[in-house]
Amino acid sequence: MKTALVDVDGVVLDLFGGMVRYWNVRAHQKPWPPLNDRVIMVHDDMPTELIDRLRKFMLLPTCYENCDEIPGAVDGLERLSKLGYEIVFNTAVMASSKGTYEWKFNRLEELID
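What this report covers is the structure whose coordinates are included nearby.

Parameters at a glance
Residues numbered from 1 in each chain as written. Predicted model: local features only at pLDDT ≥ 70, side-chain atom pairs only at ≥ 80, totals over all residues. Heavy atoms only, no water. Helix = DSSP H or I, 4+ residues; strand = E, 2+ residues; numbered from the N terminus. Buried < 20%, exposed > 50% of the residue type's maximum accessible area, 1.4 Å probe, protein only. Areas by Shrake-Rupley, 256 points an atom, 1.4 Å probe, with all protein chains shown as cover. Core = buried A, V, L, I, M, F, W, Y, C linked by side-chain atoms within 4.5 Å. Salt bridge = Lys/Arg side-chain N within 4 Å of Asp/Glu carboxyl O. Polar contact = N/O pair within 3.5 Å; in protein donor to acceptor, adjacent residues only side chain to side chain. Contact = heavy atoms within 4.5 Å.

## Regarding the overall build of the chain
Move 1: A tally of helices and strands in the chain yields four helices and two strands.
Move 2: Reading the helices (α) and strands (β) of the chain from amino to carboxyl end gives β-α-α-α-β-α.
Move 3: Within the chain, the fraction of its 113 residues that count as buried is 34%.
Move 4: Here the chain has roughly 7,400 Å² of accessible surface; of this, 54% comes from carbon and sulfur atoms.

As structure tokens, this is what we get:
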């Protein structure tokens with residue numbers, strides 16, 4: 001059997017979009033920059049405020065409940081499976097957030113039959 005190694009954040013789940021929705025709607029914080037102005041990956045040269053918001057969001061047990069599917073991701077995974085691929089998820093977690101794996105995979109189970 002062939003194996004497809006798939007990342008979760010930004011590939012299957014829209015972590016950054018979930019964070020933006022959380023901060024703009026639920027927390028009523030200063031609105032996030034427009035879609036075309038935001039940075040997708042965490043980098044050392046990102047504004048400190050952006051990094052701090054992302055870290056706070058990722059420590060919430062509900063953070064992945066706010067994350068939608070990246071459009072077409074689940075369909076793509078289903079197609080790979082039908083072609084005989086074993087799907088293996090590969091993902092990183094924050095060291096200070098022990099529940100991150102569980103939160104991610106709970107959300108994946110909701111999206112994938």
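## Topic: the nonpolar core
Move 1: Counting residues in hydrophobic clusters, the biggest one holds 23 residues, and the most contacted among them are V12, L13, F57, M58 and Y64.
Move 2: Going through the elements one at a time, strand 1 (2-7), helix 1 (15-26), helix 2 (48-58), helix 3 (73-82) and helix 4 (100-111) are the ones with two or more residues in this core.
Move 3: Looking at this core, the element that brings in the most residues is helix 1, giving six residues.

## A closer look at the pattern of salt bridges
Move 1: Taken as a whole and assessed by the stated rule, the structure comprises three salt bridges.
Move 2: With a shortest N-O distance of 2.7 Å, K104 and D9 are connected by a salt bridge. Residue K104 is found in helix 4, and its partner D9 is found in the loop between strand 1 and helix 1; the two are separated by 95 residues along the sequence.
Move 3: With its nearest N and O atoms 2.8 Å apart, the salt bridge here joins E110 to R107. Remark: R107 and E110 occur in helix 4; sequence separation between them is three residues, near one turn of the helix.
Move 4: When its relative accessible area of 13% is taken as the criterion, R107 is described as buried.

## Brief notes about the side chain of T91
Move 1: Within the secondary structure, T91 is located in the loop between strand 2 (85-90) and helix 4.
Move 2: You can call T91 buried: its relative accessible area is 13%.
Move 3: At 2.3 Å, the side chain of T91 forms a polar contact with the side chain of K104.
Move 4: Apart from the residues within four sequence positions on either side, T91 is in contact with D7, V8, D9, Y101, K104 and F105.

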